[in-house]
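Summary of the model geometry
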Amino acid sequence: LRIARIDRLSDDTLLLIDYKTGKTSLPKWTDERLPMPQLPAYAISKAHSVAGICFMVLHPTETKILGISNDDLTIRGIKSITKINAYNALGNWKQLNDHWLKTLDSLAITIKNGHAHINPRDTNTCRYCDIKPFCRITQQTNIDTLDSE
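Residues numbered from 1 in each chain as written. Predicted model: local features only at pLDDT ≥ 70, side-chain atom pairs only at ≥ 80, totals over all residues. Heavy atoms only, no water.

The next thing to look at is the sheet that holds strand 4 (residues 62–69). Here we have five strands laid out as an open sheet, ordered 1-2-3-4-5, and mixed in their pairing. Strand pairing shows two members of the sheet lacking a second neighbour, strand 1 (5–8) and strand 5 (78–80), which therefore form its edges. Across this sheet, the average inter-strand angle for adjacent strands is 20 degrees, counted without regard to direction. In the sheet, strand 1 pairs with strand 2 (residues 14–20) via four bridges, with the strands oriented antiparallel. The partner of Arg8 across the bridge, within strand 2, is Leu14. Against the sheet, helix 1 (residues 38–45) makes contact with strand 2 and strand 3 (50–59), and its axis sits at roughly 155 degrees relative to strand 2, the strand it touches most. Here helix 2 (residues 93–112) sits on the sheet in contact with strand 3 and strand 4, set at roughly 70 degrees to strand 3. (Pairing = 2+ DSSP bridges. Helix = DSSP H or I, 4+ residues; strand = E, 2+ residues; numbered from the N terminus. Axes fitted to C-alpha atoms, helices over the stretch in contact; angles between N-to-C directions. Contact = heavy atoms within 4.5 Å.)

Structural data, given as structure tokens:
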């Protein structure tokens, strides 16, 4: 794994940073199917010392930080998971990291076993896809249509 930037904080914990040049928002990293899984993957690789993960958004119309952390880091744009309702069900930072590990491990096993089901996360996935010439989504759509008839 290669992360864009790692900052060491005053308490010797780490803040993992991924740069984004397009407009972005903070994903819901509590889902069973993780959106934008790069930062959670980096976090579990260094779990014992990570205090937070964030995007540094560098866009012509806005520059900002978006992220989550174990505790309040007093960095504008990074929120403690204890202050975000979507994270309450998972409890704490360790449980969130455990969720990421379980989710990404399951994904790795699926890929290792050769499963390549056509299952975009949402409609935006296809909009920004770089491999449209190789995509089988239209085949899947045709098969689904035949199955429903």
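Ranked by size, the top nonpolar core spans 22 residues in total, and within it Leu16, Trp29, Leu39, Ile53, Ile68 and Trp100 carry the most contacts. Elements with a contribution of two residues or more to this core: strand 2, helix 1, strand 3, strand 4 and helix 2. Look past the residues within four positions of Ile68 in its chain and what remains in contact with it is Leu26, Trp29, Gly52, Ile53, Ile78, Lys79, Ile81, Ile84, Tyr87, Trp93, Leu96 and Trp100. In this structure, Ile17, Ala51, Met56 and Ile78 belong to the second largest nonpolar core, which totals seven residues. (Core = buried A, V, L, I, M, F, W, Y, C linked by side-chain atoms within 4.5 Å. Buried < 20%, exposed > 50% of the residue type's maximum accessible area, 1.4 Å probe, protein only.)

Turning to unusual backbone geometry, a few remarks are in order. Phi at Asp12 takes a positive value of approximately 75 degrees, unusual for a residue other than glycine. One can find Asp12 in the loop between strand 1 and strand 2. Despite not being glycine, Thr74 has its phi angle at roughly 55 degrees, a positive value. Note that Thr74 resides in the loop between strand 4 and strand 5.

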